[in-house]
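The primary structure of each chain is shown beneath.
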Amino acid sequence: MQGASSGPLGERAGYLLEQGTPQDLAAAQRALKQGAFQRQERTAAGFGIASPPVWMHLALVNPSDRPLTYQLLLGQPWLDQLDVRLVRAGQLKQHWRSGDMVPGAQFLLPAMGYVFPVELMPGRTELFVRAQTAESFLLPVSLLTAEDFERTSRGFRYRYGVFYGFLLAFIFYNLILFAGLWERSHLYYALYVLSFMALSLVYTGHGFRWWWSGQVGFQQYALFAAMVLYACAGLLFAVRFLQLDQLTPRVSMSIRRLSLLALAAMALFITARQLYAAVYLAYGLFTVFTLAMVVLGVFAYRRARSRGIYFLPAVLCSMLGLGIGLLTAFGLLASNVWTTSAVEIGLILEAVLLSLALGNHMRNQSRARQKAEHLARIDSLTGLLNRRAFLADAAPLWSTAVRHGRPMSVLLLDIDFFKQVNDQFGHDSGDRILQDMAKLLLGNCREGDILARWGGEEFVLLLPETGLGQATALGERIRRDVEGRRILADWLGMPLTVSLGAAQLQAENSLSDLVCAADGRLYEAKRGGRNQIVPPVLEPVSA
Ligand SMILES: Nc1nc2c(ncn2[C@@H]2O[C@H](COP(=O)(O)OP(=O)(O)OP(=O)(O)O)[C@@H](O)[C@H]2O)c(=O)[nH]1
């Protein structure tokens, strides 16, 4: 590497896998002379999981006659151990040691890697790095000028500030919704986002740098535990969100069991300090989780359930983000602000889509509730209020009338010989007559009156601000109206008629007493020969 250029250098470095006992610098220098270091055609060399330690060598040449300072940016935040040595003329000049198995989190720059201030003297300097990790092993290397480094690290700080703020907002929002609505999808979703936040805090190194830099024992297992938690929370959320309990109870039960088993196994491996068992469990479960989320998404989508329509694109967004993030980390995609933020962007899109789905679900539920409430109040045949809704709606009017001593009356109406209509013309014709009667009564109501189907062929009309005289006058007008229409007159040999009973609020009445009083008078009207109102109208009724 020459001059003051700044950027990734992975393709110019040589790499050597350390086999057997740990090697020292002298052994690495000998191996270099023997040509044992090999190049990788990538900006970020990758060595998979559970790899042996890796040596990297890079020759840095300062062609000027003055020292040049750079920030050497190395590796990923989850590297276990990192030994960085600068050698000039075969002599060790500088040795830094870090990694997340070294307490203190020195040189760790969360989300970026490890940063070492390098001063290159004129001429050639050799960089020897020995790195080791149990996790997925990537060893990107770049040399940045002070300005580039400042700009890049500021960018990362802003991005993660926004990202964590966003995740926290989603978590609290869903917890509040859960507390208010008691809908468990919101709780599982909050846990899912929370577990991703925990995973991100671990793999970016923010957690180690800020909170537990002295606890290397914890840090060693934190990534694997966070991966398992995230996968389990994601699967449990998917089961709940896609209502798999109803769709496929067996699949949903298997997913629950798998999650519990994975959590128990991880707890066991951590307790028994079985690092490699934890590594394989975490990566294995993560692969299953990724595939399962896509399969469940496709399944729900094909069942055309409204939630599946959001779930599949949401999951694909986060998978795409993860894929781009991995390809970028391995140096197979150009590293820029979009590709290095792909995981976070994918997650945010996923969160937005899933929140939309949950919001949509809430809206549908509230519509269904409103519809059910409405249907519970309505008589399906006539569209009028039913008896229950009548009593509920009449109660406040009743209290107002009693409190202020205002008049109020009730009319109860019953179709005469309706059984005969049914018997002769069929139930359907009877239904139609009930519907027509409802329309006729509606046409005779004033604003503020409450009309309902009391049951069978009986209708009730509550008339606020109406004394008995006006009520009977209205009843008489309705009676005449029905008679005058001569419904079925040709077939019955006489027109269809109605009988009515009217009653007025008295000081000692309750609402049901008032309806009862009207019912008593209706009975009198029937006994008196039908087609009449009781009490009878004293004054002439205007047409
Ligand atoms: N078509 C139809 N008929 C109904 C409905 N609800 C009740 N009925 C019928 O209404 C009739 C009421 O008969 P009854 O109680 O004997 O009264 P009525 O024949 O009208 O005789 P009076 O009231 O004494 O004049 C019964 O045949 C019920 O089946 C309904 O929703 N649709």
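Residues numbered from 1 in each chain as written. Predicted model: local features only at pLDDT ≥ 70, side-chain atom pairs only at ≥ 80, totals over all residues. Heavy atoms only, no water.

In the annotation of an unreviewed UniProt entry, the entry for the protein chain reads diguanylate cyclase, and the organism field reads Microbulbifer donghaiensis. Recorded in UniProt under Catalytic activity (unreviewed entry), the annotation for the protein chain is "2 GTP = 3',3'-c-di-GMP + 2 diphosphate". (UniProt positions renumbered as here; feature names shortened; annotations may be inferred.)

Draft legend 1. Region of interest: the overall build of the protein chain. Counting its secondary structure elements, the protein chain contains 17 helices and 17 strands. Split into buried and exposed, the 543 residues of the protein chain put 49% on the buried side. Taking the intrachain contacts of the protein chain between residues at least 6 apart in sequence as the baseline, contacts between residues at least 24 apart amount to 74%. Carbon and sulfur atoms form 58% of the exposed surface of the protein chain, whose accessible area is close to 26300 Å². (Helix = DSSP H or I, 4+ residues; strand = E, 2+ residues; numbered from the N terminus. Buried < 20%, exposed > 50% of the residue type's maximum accessible area, 1.4 Å probe, protein only. Contact = heavy atoms within 4.5 Å. Areas by Shrake-Rupley, 256 points an atom, 1.4 Å probe, with all protein chains shown as cover.)

Draft legend 2. Here's a closer look at helix 1 (residues 25-33). Buried within helix 1 are the following residues: Leu 25, Ala 27, Ala 28, Gln 29 and Ala 31. As for helix 1, its buried residues are in contact with strand 2 (14-17), strand 5 (54-62), strand 7 (81-88), strand 8 (91-98) and strand 11 (123-132). After helix 1 finishes, the residue Gly 35 shows a positive phi value of roughly 75°.

Draft legend 3. Examining the environment of Leu 285 more closely. Inspection of the secondary structure puts Leu 285 in helix 8 (residues 275-302). Accessibility expressed as a relative area gives 8% for Leu 285, which makes it buried. When the C-alpha atoms of Leu 285 and Val 228 are compared, they prove to be 6.8 Å apart, with 57 residues separating the residues in sequence. Setting aside residues no more than four positions away along its own chain, Leu 285 makes contact with Val 228, Ala 231, Cys 232, Leu 258 and Ala 262.

Draft legend 4. Seen up close, the side chain of Asn 386. With respect to the helices and strands, the residue Asn 386 is situated in the loop between helix 11 (342-377) and helix 12 (387-404). With a relative accessible area of 17%, Asn 386 lands in the buried category. There is a polar contact of 2.9 Å between the side chain of Asn 386 and the backbone nitrogen of Ala 389. In this structure Asn 386 touches Ala 376, Arg 377, Ile 378, Asp 379, Ala 452 and Arg 453, once residues within four positions along its chain are discounted. (Polar contact = N/O pair within 3.5 Å; in protein donor to acceptor, adjacent residues only side chain to side chain.)

Draft legend 5. Representation of the sheet that holds strand 7. Taken in spatial order, the six strands line up as 3-2-5-11-7-8 in an open sheet, and their pairing is antiparallel. The open sheet terminates on both sides in strands that have one partner only, identified here as strand 3 (38-39) and strand 8. Sheet analysis places strand 7 next to strand 8, joined by seven bridges and oriented antiparallel. From the neighbouring strand, Leu 82 faces strand 8, where its bridge partner is Ser 98. Of the strands in this sheet, strand 2, strand 5, strand 7, strand 8 and strand 11 touch helix 1, which is tilted by about 115° from strand 11. (Pairing = 2+ DSSP bridges. Axes fitted to C-alpha atoms, helices over the stretch in contact; angles between N-to-C directions.)

Draft legend 6. Representation of the packing of helix 7 (residues 249-271) against helix 8. For the pair helix 7 and helix 8, the least separation of the axes is 10 Å and the interaxial angle reads 160°. Taken together, the axes of helix 7 and helix 8 are roughly antiparallel relative to one another. Note on packing geometry: the crossing formed by helix 7 with helix 8 is left-handed. Across the interface between the two elements, Ile 255, Leu 258, Ala 262, Ala 265, Met 266 and Phe 269 from helix 7 touch Ala 277, Ala 278, Leu 281, Ala 282, Leu 285, Val 288 and Leu 296 from helix 8. Residue classes in the contact of helix 7 with helix 8 are distributed as 13 nonpolar, no polar and no charged. (Parallel < 35°, antiparallel > 145°, perpendicular 65-115°, else oblique. Left-handed = near helix turned anticlockwise from the far one by under 90°. Nonpolar A, V, L, I, M, F, W, Y, C, P; charged D, E, K, R; others polar.)

Draft legend 7. Representation of the side chain of Ser 499. Note on placement: Ser 499 falls in strand 16 (residues 498-504). A distance of 3.2 Å separates the side chain of Ser 499 from the backbone nitrogen of Asn 531, its partner in a polar contact. Beyond its immediate stretch of four places on either side in the chain, Ser 499 contacts Leu 412, Leu 413, Asp 414, Asp 416, Leu 522, Ala 525, Lys 526, Arg 530, Asn 531 and Gln 532.

Draft legend 8. Spatial organisation of the nonpolar core. Counting residues in hydrophobic clusters, the biggest one holds 105 residues, and the most contacted among them are Leu 74, Leu 139 and Phe 311. Those residues in contact with Phe 311 that lie beyond four places of it in its chain are Phe 237, Ala 238, Phe 241, Leu 242, Met 293, Leu 296, Gly 297 and Leu 354. Residues Leu 411, Val 421, Leu 474 and Leu 496 belong to the second largest nonpolar core, which totals 26 residues. (Core = buried A, V, L, I, M, F, W, Y, C linked by side-chain atoms within 4.5 Å.)

Draft legend 9. Representation of the site of the ligand within the structure. Close to the ligand lie 17 residues, the nearest being Phe 418, Lys 419, Asn 422, Asp 431 and Arg 453. Interatomic distance of 2.9 Å between a backbone N/O atom of Phe 417 and an oxygen atom of the ligand. The contact in question runs from a nitrogen atom of the ligand to an N or O atom on the side chain of Asp 431, over 2.6 Å. Put simply, the parts of the chain that give the shell around the ligand at least two residues each are strand 13 (408-415), helix 13 (418-425) and helix 14 (427-443). Of the residues assigned to the shell around the ligand, the class counts are five nonpolar, four polar and eight charged. (Near = heavy atom within 4 Å.)

Draft legend 10. Just the confidence of the model for the protein chain, in detail. The pLDDT averaged across the protein chain works out to 89; a share of 95% of its residues lies at or above 70. Put simply, strand 1 (residues 7-8) is where the protein chain has its lowest mean pLDDT, 66, and strand 15 (residues 458-464) is where it has its highest, 97. A low-confidence stretch, residues 1-5 stays under pLDDT 50, and its non-local contacts, those more than four residues away or across chains, total 15 contacts. This prediction of the complex comes with two scores: 0.69 for pTM and 0.96 for ipTM. (pLDDT = per-residue confidence, 0-100.)

Draft legend 11. Structural context of the UniProt feature "transmembrane region" (unreviewed entry) in the protein chain. UniProt's feature table lists "transmembrane region" (unreviewed entry) at residues 161-182, 189-212, 218-242, 254-272, 278-301, 308-332 and 338-359, given in the numbering used throughout. Helix makes up 95% of residues 161-182 and strand 0%, whereas the separation of the span's terminal C-alpha atoms amounts to 30 Å. With 83% helix and 0% strand, residues 189-212 has end C-alpha atoms that lie 27 Å from one another.

Draft legend 12. The sheet that holds strand 13, seen in detail. The strand order across the open sheet built from five strands is 14-15-13-16-17, with neighbouring strands paired in mixed fashion. On the outer flanks of this sheet lie strand 14 (450-455) and strand 17 (533-534), each paired with one strand and no other. Sheet strands touched by helix 17 (residues 511-527): strand 13, strand 14, strand 15, strand 16 and strand 17. Its angle to strand 16, the strand with the most contacts, is close to 140°.

Draft legend 13. A look at unusual backbone geometry. Across the junction of Val 534 and Pro 535, the peptide omega takes the value 0°, indicating a cis bond. In this structure, Ala 89 takes a positive phi of about 50° despite not being glycine. Among the residues examined, Ala 89 registers a relative accessible area of 78% and is labelled exposed. Despite not being glycine, Gln 243 has its phi angle at roughly 50°, a positive value.

Draft legend 14. View of the environment of Gly 475. Looking at where Gly 475 falls in the secondary structure, it is placed in helix 15 (residues 468-484). What makes Gly 475 buried here is its relative accessible area of 0%. As a C-alpha pair, Gly 475 and Val 537 span 62 residues in sequence and 8.9 Å in three-dimensional space. Contacts of Gly 475, omitting those with residues within four sequence positions, involve Leu 411, Leu 500 and Ile 533.

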